[in-house]
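Inside the fold
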Amino acid sequence: MNRIWSWLALSLGLVYFFLPLIATVEFSLKMRRGEYSFDAYRKVLEDPRFQETFSYSVVMALFTIAFGVLLVVPTAYWVRLKLPRLRPAVEFVTLLPLVIPAIVVVFGYIRLYNTSSWLPLTGSATGTNLLLMFGYAMLSLPYMYRAVDTGLRTIDVATLTEAAQSLGAGWITILARVILPNVLIAVLSGAFLTFAIVIGEFTMAALLNRPAFGPYLQLMGANRAYEPAALAVIAFAVTWACMGLIQLITRFSKHTKAAR
Amino acid sequence: MAFLKIAHLEKFFGPMQVVKDFNLEVEQGEFVSLLGPSGCGKTTVLRMVAGFEAPTSGVISIEDQDVVRLKPNQRNIGMVFQAYALFPNLTVAQNVAFGLRVKGVPRSEIKSRVTEMLDLIGLPDLANRYPFQLSGGQQQRVALARALAVRPQVLLLDEPLSALDAKIRVSLRNEIRLIQKKLGITTIFVTHDQEEALSMSDRVVVMHKGIADQVGTPFEIYNKPTTKFVATFVGTLNIIEAEVTDPAAGQVRIGATTATLGRPLPKGKITLAARPEMVSLGTVPGRATLLKGRVIDVDFLGSVIRLRADIGGSVLAFDTFNNPNIVPPAVGDEVEMALNAADLLLIDG
């Protein structure tokens, strides 16, 4: 009897998750009347605005990942090594982006960094891009920090640091050659999550008026029928590809056993 | 002038003083062990020499150069850790080469030095293995090779054998000693295992509550302990209660026996101590004092038999070789034990 309920719960769950997805895929293929086709996908992929916004978001994601790694890895490492008592406080700070809505943050940014402020970042496209990247890094902070911190937990940070120091290594060498390679899988997990967040983010990009993929998705959704469905499927594919890459890299990493 | 000099070293952790006025001079090529129970401050001293802890006060100098202000990566000190601390992402060869790469040694020299080190530790075929593919003993040997590859002035070993099983521990400690002698490298070894300290060291520092209780050769530490702690911590010790009958002549009564220690003693009751090997079963030439007692325990240990006998208030443990042709005493038997009273150690009085 219990088994029947288990199967029923699983089936309901699968239907809940997959039915909208299947419906979206099916709808995205129905652009041509009376037959299935990839017309919607072709139209979307040929649209110069798609190429422009998608490549903009990809570049922003890469910069956000680089900035996030440079910010989070040394911070998480230092907290573990020298300030373990501050860990709860730092964890709390990294969780704040989950409870403070992006719209509140971006309004704060606009007030703080507008053209009449002491740091007028919104006064130029580069400055606004920089601001948007900081915003993205903040949004992905809970995921990036947790991933890196979990990675650091699997290695003996203090002893490895001391071993490297006794061999003549300074802090940068220790971070680059000892710590980072040993938490690379965790960093990549955080990086792919960051990538997925940046690709789909709407609020910050729209309010800072940047040509990102999120606002483009919204614009298409408001004006077209089949293309938004195709875009949604493409966005899903990108996210799933990221998750698949995390799995793949974890599996093929040579020294993961040692870190366990 | 000593190669490594530690003078008046002190360390406080908050209000707690963990190292008190620690002094030690180590000659070049010498192997010195810091021996003591957990919490005695031996690892803290080692970490201060390595630069991982800053002393509250005191001087640490290597070849007359004060190194206290130098960072760990500026000291040219090699260290081997209890937990191996090999870099998991690097192969054996890359681990050994790590310090050389950091120091900017040319590639060709790195290659030859790595080969030389792997030959030294007897693992020339494991260069391309990752640490997780090695046993504990192999990992520790690689850690030793890695520490030695940079040709440090001083080698520090922080309980490197503690995580290994008994058999590997014995073979590796012999190997470490051989390598140390071959390279002539000044070494400080931290351990709580007295057998390791006594068998490997040129000198042993017995530490207790942050103080160096006694510094001496293994022979001196074992046979001539200068403090009660050293006497009781190192080796097995029989505590014998005695009463001084003639302080000037050093005459005491132990149970029903009168013995002469041949040195002045304080009046009243005193506590004496004897190592098990100072006591023999039956009469033995050179051991004139005979004690009578009743056997209370017999442990058959194979090549030796450990006996414990009550000598009237005190219990004396001693060993006798197993002779298949002689039946050992049984529990309850009256036995005679011989010792040289002059060898007895005065614990307090």
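Residues numbered from 1 in each chain as written. Chains lettered and ligands numbered in written order. Predicted model: local features only at pLDDT ≥ 70, side-chain atom pairs only at ≥ 80, totals over all residues. Heavy atoms only, no water.

Remarks on the packing of aromatic side chains
The full count for this structure, using the stated rule, is 18 aromatic pairs over all chains. With a centroid separation of 5.6 Å and an interplanar angle of 80°, the aromatic rings of Y16 of chain A and F17 of chain A are classed as edge-to-face. Consider the rings of F54 of chain A and F213 of chain A, whose centres lie 5.1 Å apart with planes at 80°: the pair is edge-to-face. Placement of F54 of chain A in helix α3 (residues 48–81) and of F213 of chain A in helix α11 (residues 213–223) is noted, with a sequence separation of 159 residues between them. Accessibility assignment for this pair places F54 of chain A and F213 of chain A in one class, buried. These aromatic residues form a ring-pair network of at least three members: F50, F54, F213 and Y216 of chain A. Note that R275 of chain B overlies the ring of Y222 of chain B, its terminal NZ or CZ placed 4.2 Å from the centroid. (Phe/Tyr/Trp six-rings, centres within 6.5 Å; stacked < 30°, edge-to-face > 60°. Helix = DSSP H or I, 4+ residues; strand = E, 2+ residues; numbered from the N terminus. Buried < 20%, exposed > 50% of the residue type's maximum accessible area, 1.4 Å probe, protein only. Lys NZ or Arg CZ within 6 Å of the ring centre and 35° of its normal.)

A look at the interface of chain B and chain A
In this complex, chain B contributes 23 residues to the contact, which on the side of chain A involves 22 residues. When chain B packs against chain A, close to 2100 Å² is buried across both sides, 68% of that on carbon and sulfur atoms. On inspection of chain B and its partner chain A, the count reaches one salt bridge. One salt bridge in this structure joins E162 of chain A and R47 of chain B, with 2.6 Å as the shortest N-O distance. Summed over the shared surface of chain B and chain A, the result is four residue pairs in polar contact (both at pLDDT 80 or more). (Contact = heavy atoms within 4.5 Å. Buried area = accessible area lost by both parts, 1.4 Å probe. Salt bridge = Lys/Arg side-chain N within 4 Å of Asp/Glu carboxyl O. Polar contact = N/O pair within 3.5 Å; in protein donor to acceptor, adjacent residues only side chain to side chain.)

Notes on the nonpolar core
Core analysis: the biggest nonpolar cluster contains 140 residues, and L152 and I179 of chain A together with F22, F87 and L156 of chain B have the highest contact counts within it. The biggest single contributor to this core is α3 of chain A, with 13 residues. Beyond its immediate chain neighbours, meaning those up to four positions away, F22 of chain B contacts I6, A7, H8, L9, L34, V45, V205, M207 and A212 of chain B. Of all hydrophobic cores here, the second largest spans 26 residues; its members include L265, V279, L307 and F318 of chain B. (Core = buried A, V, L, I, M, F, W, Y, C linked by side-chain atoms within 4.5 Å.)

Structural notes on empty space enclosed by the protein
The tally for this structure, following the rule as stated, stands at two cavities of 30 Å³ or more. Its volume calculated, the largest cavity comes out at about 40 Å³. Forming the walls of the largest cavity are T64, I65, G68, L71, V72, A137, S140, L141, M144 and T194 of chain A. Within the residue set of the lining of the largest cavity, elements represented by two or more residues are α3 and α6 (125–153) of chain A. In terms of residues, the lining of the largest cavity owes the most to one element, α3 of chain A, which gives five residues. Here the residues of the lining of the largest cavity sort into six nonpolar, four polar and no charged. In terms of lining residues, the second largest cavity is bounded by S166, L167 and G168 of chain A together with P72, N73, Q74, R75, N76, I77 and K103 of chain B. Residues that form the lining of the second largest cavity fall into these classes: three nonpolar, five polar and two charged. (1 Å grid on protein atoms, 1.4 Å probe; cavity = no way out; pocket = protein on both sides within 12 Å on 5 of 7 lines; lining within 4 Å. Points joined across faces, edges and corners; volume = space filled by probe spheres on them. Nonpolar A, V, L, I, M, F, W, Y, C, P; charged D, E, K, R; others polar.)

Some words on the confidence of the model for chain B
Interpretation of the predicted coordinates at a detailed level should be avoided for regions scoring low in pLDDT. For chain B, mean pLDDT is 90; residues scoring 70 or higher make up 99% of the total. On the interface metric, ipTM, the complex scores 0.83, and its pTM is 0.82. (pLDDT = per-residue confidence, 0-100.)

Concerning the pairing of strand β8 (residues 186–191) of chain B
Residues and elements named next belong to chain B. Of all the six residues making up β8, six are buried; the element is thus mostly covered by neighbouring parts of the structure. Side chains T186, I188 and V190 project from β8 onto one buried face, and the interleaved T187, F189 and T191 project onto a second face that is buried too. When strand β3 (residues 31–35) meets β8, the two strands line up parallel, connected through five bridges. Bridged to S33 within β8 is F189. Alignment of strand β7 (residues 154–158) against β8, held across five bridges, turns out to be parallel. Bridge pairing in β8 links D158 to V190. (Pairing = 2+ DSSP bridges.)

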